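One letter stands for each residue in the lines below.
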Amino acid sequence: MTALNNRRFLLAKRPVGAVTRDDFTFEQVPVEEPADGQVLVKNLYLSLDPAMRGWMNEGKSYIPPVALGEVMRALGVGEVIASKHPDFAVGDYVNGALGVQDYFVGAPKGFYTIDPRLAPLPRYLSALGMTGMTAYFALLDVGAPKAGETVVISGAAGAVGSIAGQIAKIKGCRVVGIAGGQDKCRYLVDELGFDGVIDYKAENVLEGLKRECPKGVDIYFDNVGGDILDAVLSRLNFKARVVICGAISQYNNKQAVKGPANYLSLLVNRARMEGFVVMDHAPQFAAAGQEIAGWLATGRLKSREDVVEGLETFPETLLKLFSGENFGKLVLKP
Ligand SMILES: NC(=O)c1ccc[n+]([C@@H]2O[C@H](COP(=O)([O-])OP(=O)(O)OC[C@H]3O[C@@H](n4cnc5c(N)ncnc54)[C@H](OP(=O)(O)O)[C@@H]3O)[C@@H](O)[C@H]2O)c1
């Protein structure tokens, strides 16, 4: 094999607030040959996730933090170009934790093969990947929707939120999305069939909830936390379910996370609020993937990817998630 060079981002320091380029070392090193039990993968698309910001922090979480000096963790899809692992052959396309770099060399722990003939590769990072699994299990297992119920989703035009909302529609619910800006709100209603929208950048969320949810809220699928969580808590119905999928409004906080002031609404309404981590559902991913693929094939579910080119843009591209500049699943093409 001719000598290959690997551009990669290493975590250089623990960011304070929003990430900056200075939090990383961007370097180029020769690609090593895979050892026994390892594979060499050419990374084709990398998933940029709000969770990456949490992985950079020290402390206990649902997954160990990225160590200083380590390649920044990222899920991705790529092509196996050398293999000394019995389960993977040259030419296989794989999904796994490839890292923010051009090439992955190592043991393919947790990797699985995907078929590029069945869907465009970036879709294996959105509806057919961790994003779709998150929407599916957080809504169906924790939210437990019933036909006719009102479901409110924040971050609704984002990767997870847009899929969760469409699945709630498939289940016969009234679905109200909270998103930032006219374009995203119009997309939710016109393209994805949401029943109502609240543009949190242009209107008061509580007023919007009164207008769009006249019968109250049965399920709140929360991706953003903060003030929006508080507003929705004040509109809960009896036995409502609040799914804590994420809290992106809090990830760059320099102060402590802002907790919900209206939590006693859970007591009054005998409601519950439950945290969710997608990896807990790994044994059921294959079955869920088949159901999602079926909905995609029949047009009942739409998936939108926002692909940005250039590995070197990683720190600035990641910030799009926090400014809302991404429209669909944010994917980096090295
Ligand atoms: N628990 C799990 O296992 C799991 C797995 C995957 C993802 N998640 C969580 O799911 C959520 C969505 O992730 P995603 O990958 O689908 O990202 P995404 O929704 O595609 O992108 C993030 C969106 O969040 C919105 N946002 C950013 N800052 C905000 C703020 N201060 N207030 C309100 N909205 C804000 C922006 O949309 P607007 O333009 O509408 O503001 C932005 O486009 C995140 O909280 C993530 O951590 C959880």
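These remarks concern the structure in this document. Since the structure is predicted, the reported quantities are computational estimates derived from the model, not experimental observations.

Rules and cut-offs
- In this numbering scheme, every chain counts its residues from 1 along its sequence in written order.
- Where totals are concerned, whole chains, interfaces and linings use all residues; where local detail is concerned, this predicted model gives features only for residues with pLDDT of at least 70, and gives and counts side-chain atom pairs only at 80 or more.
- Computation of side-chain values covers all heavy atoms of the structure but excludes hydrogens and water.
- For this document, the term salt bridge refers to a Lys or Arg side-chain nitrogen within 4 Å of an Asp or Glu carboxyl oxygen.
- By definition, any uninterrupted DSSP run of H or I lasting at least four residues is a helix, any uninterrupted run of E lasting at least two residues is a strand, and each is numbered from the N terminus.
- Categorising residues by exposure relies on relative accessible area from a 1.4 Å probe, with only protein chains included: less than 20% of the type maximum marks a residue as buried, more than 50% marks it as exposed, and the intermediate range marks it as partly exposed.
- In this description, a nonpolar core means a group of buried Ala, Val, Leu, Ile, Met, Phe, Trp, Tyr and Cys residues linked to one another through side-chain atoms lying within 4.5 Å.
- For every domain, the bounds stem from an assignment made automatically or drawn from a database.
- Stacked, edge-to-face and tilted are the three classes for Phe, Tyr and Trp ring pairs, Trp counted by its six-membered ring, which pair at centre distances within 6.5 Å; planes under 30 degrees apart are stacked, over 60 edge-to-face, the rest tilted.
- Only Lys NZ and Arg CZ are tested; either one counts as a charge over a ring when it is within 6 Å of the ring centre and within 35 degrees of the ring normal.
- Between N-to-C directions, angles cover 0 to 180 degrees, with each direction set by a line fitted to C-alpha atoms, over the stretch in contact for helices.
- Each angle receives one of four descriptions, namely roughly parallel if under 35 degrees, roughly antiparallel if over 145, roughly perpendicular if within 65 to 115, and oblique otherwise.
- Here, two residues are considered to be in contact whenever any of their heavy atoms come within 4.5 Å of each other.
- The classification used treats Ala, Val, Leu, Ile, Met, Phe, Trp, Tyr, Cys and Pro as nonpolar, Asp, Glu, Lys and Arg as charged, and all other residues, Gly among them, as polar.
- Each helix should span, by expectation, one fewer than its residue count multiplied by 1.5 Å.
- A strand pair is defined by DSSP finding two or more bridges across the two strands.
- Nearness of a residue to a molecule or strand requires only that one of the residue's heavy atoms be within 4 Å of it.
- Two N or O atoms form a polar contact when they lie within 3.5 Å of each other; inside protein one atom must be a possible hydrogen donor and the other a possible acceptor, and for residues adjacent in sequence the pair counts only when both atoms belong to side chains.
- Per-residue accessibility takes into account occlusion by the displayed protein chains alone, with areas from the Shrake-Rupley method and a 1.4 Å probe.

## Quick notes on the pattern of salt bridges
For step 1, the next point in the chain: Scanning all chains against the criterion turns up 19 salt bridges.
For step 2, the next point in the chain: A salt bridge links Asp227 to Lys258; its shortest N-O distance comes to 2.9 Å. With Asp227 in helix H6 (residues 226-233) and Lys258 in the loop between strand S12 (236-244) and helix H7 (264-268), this residue pair connects regions lying 31 residues apart in the sequence.
For step 3, the next point in the chain: Here Lys258 falls in the partly exposed class, since its relative accessible area comes to 42%.
For step 4, the next point in the chain: In the salt-bridge network here, residues are joined through shared partners; they are Arg174, Glu203, Arg211 and Glu212.

## Observations regarding the nonpolar core
Soluble globular proteins tend to pack their nonpolar side chains together in the buried interior.
For step 1, the next point in the chain: Ranked by size, the top nonpolar core spans 49 residues in total, and within it Tyr136, Ile167, Leu188 and Ile292 carry the most contacts.
For step 2, the next point in the chain: At the level of elements, helix H2 (130-143), strand S8 (150-154), helix H3 (159-170), strand S9 (174-179), helix H4 (182-190), strand S11 (217-222) and helix H8 (285-297) are the ones that each hand at least two residues to this core.
For step 3, the next point in the chain: Here the element with the most residues in this core is H2; it accounts for 8 residues.
For step 4, the next point in the chain: Shared between two domains, this core takes at least three residues from each, and those domains are domain 1 (5-126 + 304-333) and domain 2 (130-279).

## Details of the packing of aromatic side chains
Aromatic ring pairs: the centre-centre distance and the angle between the two ring planes describe each pair.
For step 1, the next point in the chain: Applying the stated criterion to the full structure yields 9 aromatic pairs.
For step 2, the next point in the chain: Pairing Phe9 with Phe26 gives two aromatic rings, centres 4.3 Å apart and planes at 15°, and the pair type is stacked. Pair noted here: Phe9 is in strand S1 (residues 5-11) and Phe26 is in strand S2 (residues 24-30), with a separation of 17 residues, a long-range link.
For step 3, the next point in the chain: By relative accessible area, Phe9 is classed as buried at 1%.
For step 4, the next point in the chain: Taken together, the ring pairs connect Phe9, Phe24, Phe26 and Phe314 into an aromatic cluster.
For step 5, the next point in the chain: Cation over ring: Arg304 sits above Tyr187, and NZ or CZ is 4.9 Å from the ring centre.

## Thoughts on the packing of H2 against H8
For step 1, the next point in the chain: In contact at an axis separation of 10 Å, H2 and H8 are set at 95° when each is read in the N-to-C sense. In terms of axis orientation, H2 runs roughly perpendicular to H8. Of H8, the residues touching H2 (which contributes Met130, Gly132, Met133, Tyr136 and Phe137) are Phe285, Ala288, Gly289, Glu291, Ile292 and Trp295.
For step 2, the next point in the chain: For the contact of H2 with H8, the class distribution of residues is 8 nonpolar, 2 polar and 1 charged.

## A look at H3
For step 1, the next point in the chain: For H3, built from 12 residues, the straight-helix expectation of 16 Å at 1.5 Å per residue is met to within 8% by its first-to-last C-alpha distance of 17 Å.
For step 2, the next point in the chain: Counting buried positions along H3 gives 11 out of 12 residues, so the element sits mostly inside the fold.
For step 3, the next point in the chain: Here H3 has its buried residues at Ala159, Val160, Gly161, Ser162, Ile163, Ala164, Gly165, Gln166, Ile167, Ala168 and Ile170.
For step 4, the next point in the chain: Buried residues belonging to H3 abut H2, S8, S9, S11, H8 and strand S15 (329-333).

## Some details on the environment of Lys13
For step 1, the next point in the chain: With respect to the helices and strands, the residue Lys13 is situated in the loop between S1 and S2.
For step 2, the next point in the chain: In this structure Lys13 comes out as partly exposed when scored by relative accessible area, which is 41%.
For step 3, the next point in the chain: Taking C-alpha positions, Lys13 is 19 Å from Gln28, a pair spaced 15 residues apart along the chain.
For step 4, the next point in the chain: For Lys13, the contacting residues outside a window of four places in its chain are Asp22, Asp23 and Leu68.

## Overview of the pairing of S11
For step 1, the next point in the chain: Of all the 6 residues making up S11, 6 are buried; the element is thus mostly covered by neighbouring parts of the structure.
For step 2, the next point in the chain: The pairing of S8 with S11 spans 3 bridges and is parallel. Opposite Val152, over in S11, you have Tyr220 as the bridge partner.
For step 3, the next point in the chain: The sheet contact formed by S11 and S12 spans 5 bridges and is parallel. Bridge pairing in S12 links Asp222 to Ile244.

## Some thoughts on the site of the ligand
For step 1, the next point in the chain: Within the structure, the ligand sits among 25 residues, and Val160, Lys184, Tyr200, Tyr251 and Asn326 are positioned closest to it.
For step 2, the next point in the chain: Between an oxygen atom of the ligand and a side-chain N or O atom of Lys184, the distance comes to 2.6 Å.
For step 3, the next point in the chain: Between an oxygen atom of the ligand and a side-chain N or O atom of Tyr200, the distance comes to 2.5 Å.
For step 4, the next point in the chain: Expressed as a share of its isolated accessible area of 920 Å², the protein-covered part of the ligand is 90%.
For step 5, the next point in the chain: Of all the secondary-structure elements, those providing two or more residues to the shell around the ligand are H3 and helix H9 (314-323).
For step 6, the next point in the chain: The residue makeup of the shell around the ligand, split by class, is 15 nonpolar, 9 polar and 1 charged.
For step 7, the next point in the chain: Shared between two domains, the shell around the ligand holds at least three residues of each, these being domain 1 (5-126 + 304-333) and domain 2 (130-279).

## Details of unusual backbone geometry
For step 1, the next point in the chain: One non-glycine residue, Ala144, adopts positive backbone phi at about 45°.
For step 2, the next point in the chain: Here Ala144 lies in the loop between H2 and S8.
For step 3, the next point in the chain: The backbone phi angle of Lys239 is positive, close to 65°, even though this residue is not glycine.
For step 4, the next point in the chain: The exposure class of Lys239 is partly exposed, given its relative accessible area of 48%.

## Topic: the sheet that holds S12
For step 1, the next point in the chain: Strand order across the open sheet formed by 6 strands is S10-S9-S8-S11-S12-S13, with parallel pairing between neighbours. Only two strands of the sheet have a single partner each, and these edge strands are strand S10 (196-199) and strand S13 (272-275). Taken over all neighbouring pairs, the strand axes of this sheet differ in orientation by 15° on average, direction set aside.
For step 2, the next point in the chain: Each of S8, S9 and S11 touches H3; the most contacted strand, S8, lies at about 170° to it.
For step 3, the next point in the chain: Docked against the sheet, helix H5 (residues 205-212) engages S8, S9 and S10, running at close to 170° with respect to S10.

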